[in-house]
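# Structure assessment
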Amino acid sequence: VGFDDYGSECDGIRITAFLDAGQDNLTPLGRLEKYAFSENVFNRQIVARGLLDVLREFSDNENDFISVMETVARMSEDGEPTVRAELMEQVPNIAMFLHESRPNFPAAFSRYLVPIVVRYLTDPNNQVRKTSQAALLVLLEQGLLSKADMETKVCPVLLELTEPSSDDDYKIEAVAIMCKVVTMLSKDTVEHLLLPRFCDLCSDARLFQVRKVCAANFGEFCSIVGQEATEKLLMPKFFDLCSDSLWGIRKACAECFMMVSNSTSPEVRRAKLSPLFISLISDQSRWVRQAAFQSLGRFISTFANPSSTGLHFTEDGALEEMNNFDDNHSSLPGENHSGFSSRVSDSSTNNTKNTKDTEHCDENFNSFHYWRSPLPDISGELEILSSQKPSDVAEDEEEKEEPQNSIPDSMCSPGKATSDQIQKVLDCLQPHMDDPDVQAQVQVLSAALKAAQLDSPTDGTKTQEEQQPENVGDSPSVEKTQTEPLDDRADSPPDSPVLNVIPQQLLDQYLSMTDPARAQTVDTEIAKHCAFSLPGVALTLGRQNWHCLKDTYETLASDVQWKVRRTLAFSIHELAVILGDQLTAADLVPIFNGFLKDLDEVRIGVLKHLYDFLKLLHADKRREYLYQLQEFMVTDNSRNWRFRYELAEQLILIIELYSHYDVYDYLRQIALTLCSDKVSEVRWISYKLVVEILQKLYTCGSDDLGLNFINELTVRFCHCPKWVGRQAFAFICQAVVEEDCMPMDQFSQHLLPSLLSLSSDPVANVRVLVAKALRQSIMEKAYFKEPGCAYSEELEETVMALQSDKDRDVRFFASMDPNKSLMDTAPLI
């Protein structure tokens, strides 16, 4: 009989049966010894498989327990690989048992089991090694391995296996396991023990498999060791991997580029990583280019800075407005949604490592000076450059409200400064040309200097060429940004303020993702990737630079592929948070309206976040959608019940956005229609919607509308010829009481009599919910316990009658103690 056959045929047999008294007159420990070291391999396999049960048998006696652990240690040296593999599979379970039941767990585990795991990492049998690697990861995930054991026992073995002289197979496996365990270790352990070896492995010239594993896990190492070690030790290796001769390694680098970028300073990100990324996006391999374009939006999102976007992430990942962020970075004027927040998709990076420079407590802290070398004081020269005639007062007021990271008109307009004044500022900035932001300023000033040297009209008016620097930033041409290389613009005013946010070449490449040629030469799904990352790119650029993305967004919104439009539909509410109410009303509402009339696959995207989008609109614009909510009742496929379920869930949230009159006139009819849906899941969520509407009416003091609605519910449900309708009435009554939707005297007068009439319903499933509502909710209300309550006696009589009901379930719920945990009645519905 084979080992596998035994396991499959004898699941009901206790594995530790070999410990039972037989004809050998041995003690249980003696029998364990006998079978653990039997000449029969099958016996040894059975013992290995049952080790956890064996430990349970002997866990009460300390001496017996130690004897079993020593037997385990000796069994680990078994010459049969299947025995060793079986034993190692039990190690995580044994470790968990020891952790839960043994006060001296750390000592016993470290002494007996950890050495086995470590030794098996170098086992000659492939299956045993794989089993030990899996066990090691489980132990780390469960937090069962101490830091001392990792540093003194596990890491030394990994370092030994990754030596240049190590066997190739062992080395490749050890690199893989090292990269997996690194995410579960502390920064200090990784930095001091594993980082130097990882850097060496990145340059392994003999084994491309090693370099590939390193490239695939490069981002994790950067995230753990932090900015300083990343820039000092890892960046040179990353550059080498990005130019590796194998396209698979370069592709892996492109895929982890965002994580690497998150671990660097803004200047390294701009000056070093951006050109490196451009080389990947222009790679000769289509697969590398494809991976780079997929990562492009995420990489751009790492440039986001709360001080310039006007938005920041909360601890739970929500994106919200920043008001009075600090004295140096104020929120954008005219765009304030202090009351809302929205969850940003994966494409928008929660860049905590880089934004913490600006999240501070000291109001005098300036993040600009935090990571830059001190710059010269040129405030005097800037005042000269910005000096204007009295007639320009109105224009000066507009400049004061100009968002950060937009290029000031005073720097681009030669009529406002002389050549000497501009040259003086340039001279002050020259010693700091290693700063990428200074480089961008110098580009602007150089263009202004060249323009100032041209002859200007004597009457003081500006020529068309002189006006262009001020106006061209308002409507940049996508075609121009796609065809003009960055280097060719050094002597001309930039066409967009985004040069101060992200490198222009990155934006050019991102905007080109909607080019049909890209789909042919790179990836047929490239437009979808562009759409997926657009909220992150928009967040990075900020509202002041939305004009750079507007055309691209409209192109994506009209893409022939419904998957592209669906992606935008699912994130349009996030984009609305980023853009603010004015831009949303102007640029997003028309696209939103188009999505409402699209395929169901696209409509579901806006429906799932309908509340999130509507709450960002002004009240008058929001009210226009009351007339369109009914359209969601119609779907391409009537069997698509989840669409109607989602509508009911959204309407429960949307109720708060409208007046009680609008709720009564528009949402009430939709709710009642959904309550009659063919699918039970839709009906039951709709009953909750009905209760919310009723609560809205009474909360707003509109008792007359509330009474009208109650009468409508009574006719439609309580007197419904189908038992599911009558059952729904009982459910609604219970929910009304539990949610305190209306005064109890009003409930007693208008709903309770109809509910009590259902206590004698011929259908048991209706009586079950009546009993449940009366016993668990209504009779527990203080109102019905007060002396003199007109309905207390009738309630008692009804419940007593239900307690004698012929149906067992009805009797159970009528008699059940309301303080006990409630039984789920879903199977009865």
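In this text the structure is predicted, and so the values were computed from the model without any measurement. (Residues numbered from 1 in each chain as written. Predicted model: local features only at pLDDT ≥ 70, side-chain atom pairs only at ≥ 80, totals over all residues. Heavy atoms only, no water.)

With that settled, the discussion passes to the overall build of the chain. Counting its secondary structure elements, the chain contains 45 helices and 3 strands. Looking at the chain as a whole, 53% of its 829 residues qualify as buried. When contacts within the chain are restricted to residue pairs at least 6 apart in sequence, long-range pairs at least 24 apart make up 69% of them. Total accessible area computed for the chain in this model is approximately 38000 Å², and 49% of it derives from carbon and sulfur atoms. (Helix = DSSP H or I, 4+ residues; strand = E, 2+ residues; numbered from the N terminus. Buried < 20%, exposed > 50% of the residue type's maximum accessible area, 1.4 Å probe, protein only. Contact = heavy atoms within 4.5 Å. Areas by Shrake-Rupley, 256 points an atom, 1.4 Å probe, with all protein chains shown as cover.)

Take the side chain of Ser274 next. Along the polypeptide, Ser274 turns up in helix H16 (residues 266–281). Beyond its immediate chain neighbours, meaning those up to four positions away, Ser274 contacts Arg269, Phe299, Phe303, Pro503 and Leu506.

Another aspect to go through is the packing of aromatic side chains. Summed over the entire model, instances satisfying the criterion amount to 21 aromatic pairs. Ring centres 6.2 Å apart and planes at 35° place the aromatic pair Phe632 and Phe643 in the tilted group. With a gap of 11 residues between them, Phe632 in the loop between helix H35 (619–623) and helix H36 (641–654) and Phe643 in helix H36 connect regions that are remote in the sequence. The pair formed by Phe632 and Phe643 is uniform in burial state, with each residue classed as buried. (Phe/Tyr/Trp six-rings, centres within 6.5 Å; stacked < 30°, edge-to-face > 60°.)

Moving on, we come to the confidence of the model for the chain. Here the chain averages 77 in pLDDT, while 73% of its residues score no lower than 70. The least confident element of the chain is strand E3 (residues 341–343), whose mean pLDDT is 31; the most confident is H36, at 95. Contacts for the low-pLDDT stretch residues 454–499, under 50 throughout, to residues beyond four places or in other chains number 72 contacts. (pLDDT = per-residue confidence, 0-100.)

Glancing now at the environment of Leu697. With respect to the secondary-structure elements, Leu697 resides in helix H38 (residues 680–699). Here the alpha-carbon distance between Leu697 and Cys741, two residues 44 residues apart in the chain, equals 8.9 Å. Apart from the residues lying within four places of it in its own chain, the contact partners of Leu697 are His660, Tyr664, Ser702, Leu705, Gly706 and Phe709.

With that settled, consider the pattern of salt bridges. Applying the stated rule across the entire model yields 27 salt bridges. Among the ionic pairs, Glu151 bridges to Lys147, the shortest N-O distance being 3.9 Å. Of this pair, Glu151 and Lys147 are both found in helix H9 (residues 147–161), 4 residues apart, which corresponds to roughly one turn of the helix. Classification of Glu151 as partly exposed rests on a relative accessible area of 29%. Put simply, Lys781 and Asp740 hold a salt bridge, and the shortest N to O gap is 2.5 Å. In this pair, Lys781 is assigned in the loop between helix H43 (764–776) and helix H44 (792–803) and Asp740 in the loop between helix H40 (723–738) and helix H41 (744–750), connecting sequence segments 41 residues apart. Residue Asp740 is classed as partly exposed on the basis of its relative accessible area, which comes to 47%. Residues joined by salt bridges that share partners form a network here, namely Arg129, Lys130 and Glu173. (Salt bridge = Lys/Arg side-chain N within 4 Å of Asp/Glu carboxyl O.)

Attention shifts here to the nonpolar core. With 223 residues, the main nonpolar core has Phe218, Phe238, Tyr510, Phe747 and Leu774 as its most contacted residues. Looking at which element gives the most residues to this core, the answer is helix H32 (residues 562–596), with 15 residues. Setting aside residues no more than four positions away along its own chain, Phe218 makes contact with Phe198, Cys202, Leu234, Lys237, Phe238, Leu241, Cys256 and Val260. (Core = buried A, V, L, I, M, F, W, Y, C linked by side-chain atoms within 4.5 Å.)

Okay, the environment of Ser301 next. Note on placement: Ser301 falls in helix H17 (residues 286–301). Accessibility expressed as a relative area gives 1% for Ser301, which makes it buried. Considering only alpha carbons, one finds Ser301 and Gly536, 235 residues apart in sequence, at a separation of 5.1 Å.

Relative to the assigned elements, Gly706 resides in helix H39 (residues 703–718). Expressed as a C-alpha distance, the spacing of Gly706 and Tyr664, which sit 42 residues apart in the sequence, is 8.9 Å. Residues in contact with Gly706, not counting those within four places in the same chain, are Leu694, Leu697 and Tyr698.

Relative orientation of the contacting elements helix H8 (residues 126–141) and helix H10 (residues 168–181) amounts to 10°, with a least axis distance of 11 Å. With respect to H10, the axis of H8 lies roughly parallel. Contact residues: Asn126, Arg129, Lys130, Gln133, Leu136, Leu137 and Leu140 in H8; Tyr170, Glu173, Ile177, Lys180 and Val181 in H10. Residues of the contact of H8 with H10, tallied by class, amount to 6 nonpolar, 2 polar and 4 charged. (Axes fitted to C-alpha atoms, helices over the stretch in contact; angles between N-to-C directions. Parallel < 35°, antiparallel > 145°, perpendicular 65-115°, else oblique. Nonpolar A, V, L, I, M, F, W, Y, C, P; charged D, E, K, R; others polar.)

Take the packing of helix H13 (residues 218–242) against H16 next. Packing of H13 against H16 brings their axes to within 11 Å, and their N-to-C directions diverge by 15°. On the basis of the axis angle, H13 is roughly parallel to H16. The handedness of the crossing between H13 and H16 is left-handed. Residues Glu231, Met235, Phe238, Phe239 and Cys242 of H13 lie in contact with H16, whose contacting residues are Val268, Lys272, Leu273, Leu276 and Leu280. Taken together, the residues of the contact of H13 with H16 sort by class into 8 nonpolar, no polar and 2 charged. (Left-handed = near helix turned anticlockwise from the far one by under 90°.)

Under the criterion given, the structure shown has 0 disulfides. The thiol sulfur of Cys179 is not disulfide-bonded, and the nearest other cysteine sulfur, from Cys214, lies at 5.3 Å. Cysteine Cys214 shares no disulfide, and the gap to the nearest cysteine sulfur, in Cys202, comes to 4.2 Å. (Disulfide = S-S within 2.5 Å.)

Spanning 14 residues, helix H5 (residues 62–75) covers 20 Å between terminal C-alpha atoms, matching the ideal 20 Å at 1.5 Å per step. Buried within H5 are the following residues: Phe65, Val68, Met69, Thr71, Val72 and Met75. The arc that holds the buried residues of H5, viewed along the axis, is 155°, so those residues lie on one side. (Expected span 1.5 Å × (residues − 1). Arc of directions from axis to C-beta.)

Examined against the element boundaries, Ser76 turns out to sit in the loop between H5 and helix H6 (81–101). With residues near it in sequence (within four places) discarded, Ser76 still touches Arg84, Leu87, Ile116, Arg119 and Tyr120.

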